[in-house]
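# Coordinate inspection notes
Single-letter residue listing:
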Amino acid sequence: MYRYDEFDREFVAARVAQFRDQVARRVSGELSEDNFKPLRLHNGVYLQLHAYMLRVAVPYGTLNSSQMRMLAHIARKYDRDYGHFTTRQNIQFNWPKLADIPDILEDLASVEMHAIQTSGNCIRNVTADHFAGASADEVADPRPYAEILRQWSTIHPEFLFLPRKFKIAVIGSPSDRAAMQFHDIGLEVRKNDQGELGLRVFVGGGLGRTPMIGKLIRDWLPEEDMLSYCEAILRVYNLYGRRDNKYKARIKILVHETGLEELKEDVEVEFERIRDGVLKLPDEDVAAITEYFAPPQFDQIPERSDSIEHAKLDNRSFARWVGQNVSEHSQSGYGIVTVALKGTGEAPGDATSAQMDVLADLGERYSHDELRVSHEQNVILPHVRLSDLKAVYDALLEAGMASPNAGLITDIIACPGLDYCALATARSIPVAQELSQRFADLDRQNDIGELKLKISGCINACGHHHVGHIGILGVDRRGEELYQVTLGGSGDEQAAVGEIIGRGFAADEITNAVETIVDTYLSRRLSDDETFLDAYRRLGPQPFKDALYPAKEAA
Amino acid sequence: MSTLFVDGAVHEDRWVSVDGEQPVPEGEDVIVSLAVFEAQSHALVTRNAGRLGVYLEAGDQIEAIADHLDHIVLVALDFPSFADGRAFSKARLLRDRYQFEGQIRATGDIRIDQVSHMRRSGFDAFQVSHQPTIDSLIEDKDSGLDLFYQPAVGDSAERIAGKNWARRAL
Ligand code: SF4
């Protein structure tokens, strides 16, 4: 994985020193909150309902065990012994003291991490497929591109005060595990017929109040032009994006209102002007960054591990976990392990310091010192020998992280909601907890099969409810929490925005409503192989409406 | 009261701002609003004495003056709020796309922590009202770093080996 060079180290150290000075000026009263706000935002510091919150970037989701250990240390020393992994490959600490934040940033810098641009109207932490460099279907590792983008976007002087935040995601496989098409810019690394690498570029995707699927703006962009093209898009957006209404300020609205063709023309004109300039990527620099992400030294081992096959026969829970949480690796004899941070009744994405330490140890010992965080709020061990799976499982079980529910209905995404977030209109964590309890039965979960359930505590959609197969949005109706349900959303390569199914449900009805939806699916599916999403696409909303609102049907 | 900084030093502002109905004073250096410029562009670019500057509000586009840049020696770009970053890209376009070599002056809500970003986007003059920012600029503290992950306008900074996009201030 990427290691800081002298330049990166100096840069981050200088940033920390700069912020330390700013915090001191704030604490002494020299800086008002008003003047301090833009500065703290560019350093990932939010003011939440009860306290300051620090959001730390895990660039493109990749980290090593010493970094994970540092996150555990920070949670233990400066917070309440836990952290929250978000849907943007970040981790949030909910209770740090402002005066401690410079020290936290310095601790982070010591392991090559930072919180730069995890908030504010700027280019945010660049995200990527969490299976990058490991999955069997990969064309090329997206992370070198994400790293170059991370660098270029870091304190880009022109793009720190954009109309709104700006998110970029990169994938390198035909299957989209990063919801790439729901980002302001989505990039897919591809190979052309000559075997050259380039990118397919999508623009104007996003969730929030007005969910939109990204539009294809360029089918083939040579890799050397990546920065010029992104700079051209950002420049056009910065100049023309709306600033009169923050709900219409994302680039998706500009694309929608201007029309893709006209916007594309502006972008292409600017791109043609700058493409042969200073931002052109030299092959050797791309190669040097790519080298950091070279695959680890894999052993030549058989595709099947007999000991594991035996262990599976002996231990049904283990077999279930392997079946659900281990994905196919590009290297024979290895697997990708998803550690679901979704134990029954737990807050999705939360991990204690002790759990983070366990994950760090497992990454170090069994996964070539690599870990990932996913936008689905799970932690990934990307390179595990199949013969080590039992040891990994046992350790996870002991640490309470062996939920065999990756991709199942209880692998819920939920934003922090009203329990923490100042913008929330409803709680989301308690809803997730109740649902996870209701569907706790593993046989039932397995019978239901792949089902993505996503919950947001307000219209900002941090819980990605629009792309949930079942999405839940908490709203406020005259002081009461009400939960609106959308069906049929999908964040993968067959991107779709879920449709609102009807009137919302009260907090004490929503779990039953989800159960009704699931039961309707089970009774209507063609076979066990027809997933919820496939069945919904075939059936449409009507049967679900009929089941949810029977009285209305009678009327 | 605002203080004008040009190339890092305090400057007396001899330019006269012209907006609305008032006539353009003969022989003076003037900064006219875009509306004035558009109404009288021919007269303005053919004046015999007095230099010409144009003031663009955040919503005005550079294209509106692009054809006349040969006759314009100063462009003032407004920041109605520090959070409105449009002028960064406009300065960039002026320098890069139109090779504008005159003064680019930032006006409006300018905070010290943005000055270094403005410089790297092409600004070389700052009309500042925010007192702490004025104080810092007088002390020559712009709070910026010397390391950059991207090339900038008229860059004389050193390139970083292996990172063609990064720069270190000389
Ligand atoms: S969706 Fe709303 S409530 Fe949830 S984290 Fe985002 S802003 Fe907060």
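Values in this document were obtained by computation on a predicted structure and should not be read as measured data.

Strand pairs in the sheet, formed through backbone hydrogen bonds, run parallel or antiparallel to each other. Residues and elements named next belong to chain B. With mixed pairing, the 8 strands of this open sheet are ordered in space as 2-1-8-7-6-5-4-3. Each end of this open sheet is capped by a strand with a single partner; those strands are strand 2 (9-11) and strand 3 (16-18). Direction aside, neighbouring strands of the sheet carry axes that sit 25° apart on average. Pairing of strand 1 (residues 3-6) with strand 2, which is carried by 3 bridges, proceeds in the antiparallel orientation. Following the sheet pairing, Phe5 is matched in strand 2 by Val10. Strands strand 6 (74-79) and strand 7 (103-108) of the sheet are contacted by helix 3 (residues 86-96), whose axis makes an angle of about 160° with strand 6. Strands in contact with helix 5 (residues 131-138) are strand 1, strand 2 and strand 8 (125-128); relative to strand 1, the strand with the most contacts, it is inclined by about 35°.

Attention shifts here to the site of the ligand. If you check the shell around the ligand, you find Cys415(A), Pro416(A), Gly417(A), Cys421(A), Leu423(A), Ala424(A), Gly457(A), Cys458(A), Asn460(A), Ala461(A) and Cys462(A) and nothing else. Looking at side-chain class alone, the shell around the ligand contains 8 nonpolar, 3 polar and no charged residues.

So, about the side chain of Gln18(A). Tracing the chain through its elements places Gln18(A) in helix 1 (residues 6-27). Ignoring anything within four residues of it in the chain, the contact list for Gln18(A) reads Ser143(B), Gly144(B) and Leu145(B).

Residue and element names in this part refer to chain A. Parsing chain A into structural domains produces domain 1 (6-109), domain 2 (134-292), domain 3 (306-399) and domain 4 (413-554). The straight-line distance from the C-alpha centre of domain 2 to that of domain 3 is 32 Å. Counting from both sides, the interface comprises 7 residues of domain 2 and, opposite them, 9 residues of domain 3. Taking both partners together, domain 2 and domain 3 bury about 550 Å²; carbon and sulfur atoms supply 55% of that area. At the boundary of domain 2 and domain 3, one finds 1 salt bridge.

For the coordinates displayed, the defined rule picks out 22 aromatic pairs over all chains. Measuring from centroid to centroid gives 6.1 Å for Phe19(A) and Phe36(A), while their planes differ by 15°, and the two rings are stacked. In this pair, Phe19(A) is assigned in helix 1 and Phe36(A) in helix 2 (residues 33-41), connecting sequence segments 17 residues apart. Exposure class is identical for Phe19(A) and Phe36(A). Each is buried. Judged by centre distance (6.1 Å) and plane angle (65°), the rings of Trp95(A) and Tyr420(A) are edge-to-face. With a gap of 325 residues between them, Trp95(A) in the loop between strand 5 (90-93) and helix 4 (101-110) and Tyr420(A) in the loop between strand 16 (413-414) and helix 14 (429-438) connect regions that are remote in the sequence. With respect to class, Trp95(A) is no different from Tyr420(A); both count as buried. Ring pairing ties together the aromatic residues Phe161(A), Phe79(B), Phe82(B), Phe88(B) and Phe123(B), which thus form one cluster. A cation sits over an aromatic face here: Arg209(A) above Tyr247(A), 3.6 Å from the ring centre.

With that settled, the discussion passes to the environment of Asn315(A). All names here are of chain A. Structurally, Asn315 is set in the loop between helix 10 (306-314) and helix 11 (316-325). The class of Asn315 is partly exposed, set by a relative accessible area of 24%. With residues up to four places along the chain from it excluded, the contact list for Asn315 reads Lys390 and Tyr393. Engagement of the side chain of Asn315 in a polar contact is seen with the backbone nitrogen of Ser317, the distance being 3.0 Å.

Residue and element names in this part refer to chain A. On the surface, Lys37, Arg209, Lys246 and Lys248 cluster together to form a positively charged patch. The topology assignment puts Arg209 in the loop between strand 9 (197-203) and strand 10 (215-222). Taking relative accessible area as the criterion, Arg209 reaches 41% and is therefore assigned partly exposed.

Looking now at unusual backbone geometry. All names here are of chain A. At Asp369, a residue that is not glycine, the phi angle is positive and equals roughly 65°. Mapped onto the secondary structure, Asp369 falls in the loop between helix 12 (353-366) and strand 14 (371-373). You can call Asp369 partly exposed: its relative accessible area is 30%. Even without being glycine, Gln377 reaches a positive phi, approximately 65°. Turning to its location among the elements, Gln377 is positioned in the loop between strand 14 and strand 15 (379-385).

Here is what the cut-offs are and how they apply
Residues numbered from 1 in each chain as written. Chains lettered and ligands numbered in written order. Predicted model: local features only at pLDDT ≥ 70, side-chain atom pairs only at ≥ 80, totals over all residues. Heavy atoms only, no water. Pairing = 2+ DSSP bridges. Helix = DSSP H or I, 4+ residues; strand = E, 2+ residues; numbered from the N terminus. Axes fitted to C-alpha atoms, helices over the stretch in contact; angles between N-to-C directions. Contact = heavy atoms within 4.5 Å. Near = heavy atom within 4 Å. Nonpolar A, V, L, I, M, F, W, Y, C, P; charged D, E, K, R; others polar. Domains from an automatic or database assignment. Buried area = accessible area lost by both parts, 1.4 Å probe. Salt bridge = Lys/Arg side-chain N within 4 Å of Asp/Glu carboxyl O. Phe/Tyr/Trp six-rings, centres within 6.5 Å; stacked < 30°, edge-to-face > 60°. Buried < 20%, exposed > 50% of the residue type's maximum accessible area, 1.4 Å probe, protein only. Lys NZ or Arg CZ within 6 Å of the ring centre and 35° of its normal. Polar contact = N/O pair within 3.5 Å; in protein donor to acceptor, adjacent residues only side chain to side chain. Patch = residues over 30% accessible without salt bridge, like charges linked within 9 Å, V, L, I, M, F, W, Y side chains within 5 Å. Areas by Shrake-Rupley, 256 points an atom, 1.4 Å probe, with all protein chains shown as cover. Lys, Arg positive; Asp, Glu negative; His and termini not counted. Charge placed at Lys NZ, Arg CZ, Asp CG, Glu CD.

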